[in-house]
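The residues making up each chain are set out below.
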Amino acid sequence: LEAFEIYGEYISLFPQDANVAYARFKAARCLVSRMPDDITYISPADRLDPSRALQARDYLQASIRQAPESPYVVETVQLLRKVRYRLYRHHVNVAQFYARRNQAAGELGRRMEMAFAYPEWGATRANFSRMLVLATRTKSLKRLEQIKQGIAIRFPSLLKPDTVGSAPTNPGTTESPIR
């Protein structure tokens with residue numbers, strides 16, 4: 001935490017300095033290193049509070065936006081992908097929590113977050129199929145319309161009239177290829 005604050009102070013005091021890009025990169029690494037890791041005797045990290053990962057994501061995105069020409073942008077993008085995957089896994093765990101408790105609205109909200117905020121992992125055929133079932137079950141017309149728009153772009157064959165009501169209820173059955 002102290003190193004992050006020192007890098008932040010340097011950035012604010014010397015915004016035009018040539019080493020600001022390096023300071024941003026190091027500050028971002030500090031935030032990523034503060035995220036909890038998987039430890040044997042504690043719950044998996046993606047089940048823990050994601051606030052540090054959210055802070056790291058926001059800082060990494062801002063760093064890329066503020067200095068897209070930085071020589072550290074490639075490493076920053078790699079860190080951002082790692083953080084985004086951690087946040088995606090958190091949403092997966094919360095969706096599973098709601099599914100085990102038959103909380104369709106909660107599960108639907110998390111699955112939608114997975115599909116639309118983290119499309120590189122969450123926009124799968126299985127996830128969209130499950131969201132169709134959940135949106136129908138919860139009678140959420142607004143969400144159903146959002147899901148159909150996402151499907152129309154990604155999986156248009158799912159919207160055929162004979163397949164909308166017969167979407168699989170087991171989320172692991174029709175997974176799209178790994179990206």
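Residues numbered from 1 in each chain as written. Predicted model: local features only at pLDDT ≥ 70, side-chain atom pairs only at ≥ 80, totals over all residues. Heavy atoms only, no water.

### Topic: the overall build of the protein chain
Under the convention used in this document: A run of DSSP states H or I qualifies as a helix once it reaches four residues; a run of E qualifies as a strand once it reaches two. Both are numbered from the N-terminal end. The contact criterion used throughout is that any non-hydrogen atoms of two residues lie within 4.5 Å. Calculation of accessible area relied on Shrake-Rupley with a 1.4 Å probe; when residues are assessed, cover is drawn exclusively from the protein chains displayed.
Counting its secondary structure elements, the protein chain contains eight helices and zero strands. Ordered by position in the sequence, the α and β elements of the protein chain form the string α-α-α-α-α-α-α-α. Sequence-distant contacts, at least 24 apart, represent 57% of the contacts inside the protein chain between residues at least 6 apart. By element, 54% of the accessible surface of the protein chain is carried by carbon and sulfur atoms, the whole surface being about 10,800 Å².

### Examining the environment of glutamine 66
The condition is simple: Here a polar contact is taken to be a pair of N or O atoms separated by no more than 3.5 Å, where protein atoms must pair a possible hydrogen donor with a possible acceptor and residues adjacent in sequence count only if both atoms sit in side chains.
Considering the arrangement of structural elements, one finds glutamine 66 in helix α3 (residues 51-66). Residues glutamine 66 and alanine 21 lie 45 residues apart in sequence; the distance between their C-alpha atoms is 9.2 Å. Of note is the side chain of glutamine 66, whose polar atom sits 2.9 Å from the side chain of arginine 24.

### Quick look at the pattern of salt bridges
The line we're drawing: The term salt bridge refers to a pairing of a side-chain nitrogen on Lys or Arg with a carboxyl oxygen on Asp or Glu at a separation within 4 Å. Type-normalised accessible area, obtained with a 1.4 Å probe on protein chains alone, sets the label of each residue: buried when under 20%, exposed when over 50%, and partly exposed for intermediate values.
One pass over the full model with this rule turns up four salt bridges. Glutamate 120 serves as the salt-bridge partner of arginine 84, at 2.9 Å between the closest nitrogen and oxygen. You can see arginine 84 sitting in helix α4 (residues 73-100) and its partner glutamate 120 sitting in helix α6 (residues 119-122), a full 36 residues away along the chain. A relative accessible area of 22% means that glutamate 120 is categorised as partly exposed.

### Focus: helix α2 (residues 20-33)
Put simply, the rule is: The length a helix should cover is 1.5 Å for every residue beyond the first.
Compared with the 20 Å implied by 1.5 Å per residue over 14 residues, the 20 Å span of α2 between its first and last C-alpha is a close match. Counting buried positions along α2 yields 10 of 14 residues, so the element is predominantly enclosed. For α2, the set of buried residues is Val20, Ala21, Ala23, Arg24, Phe25, Ala27, Ala28, Cys30, Leu31 and Val32. For α2, the elements touching its buried residues are α1 (2-13), α3 and α4.

### What to know about the packing of aromatic side chains
Condition: Between the rings of Phe, Tyr and Trp (Trp by its six-membered ring), a pair exists once the centres lie within 6.5 Å; its type follows the angle of the planes, with under 30 degrees stacked, over 60 edge-to-face, and the other angles tilted.
Evaluation of the coordinates by the stated rule reveals 11 aromatic pairs. Seen in terms of ring centroids, tyrosine 22 and tyrosine 72 are 5.4 Å apart; in terms of plane orientation they differ by 55 degrees. Their pairing is tilted. With tyrosine 22 in helix α2 and tyrosine 72 in the loop between α3 and α4, this residue pair connects regions lying 50 residues apart in the sequence. Judged by its relative accessible area of 36%, tyrosine 22 is partly exposed. For tyrosine 72, a relative accessible area of 25% puts it in the partly exposed group. Ring plane angle 35 degrees and centroid distance 6.1 Å describe the contact between tyrosine 85 and tyrosine 88, whose orientation is recorded as tilted. On the criterion of helical spacing, the pair formed by tyrosine 85 and tyrosine 88 is a turn pair, its members being three residues apart in helix α4. For tyrosine 85, a relative accessible area of 37% corresponds to the partly exposed category. You can call tyrosine 88 buried: its relative accessible area is 11%. Grouped by ring-pair contacts, the aromatic residues Tyr85, Tyr88, Tyr118 and Trp121 constitute a single cluster.

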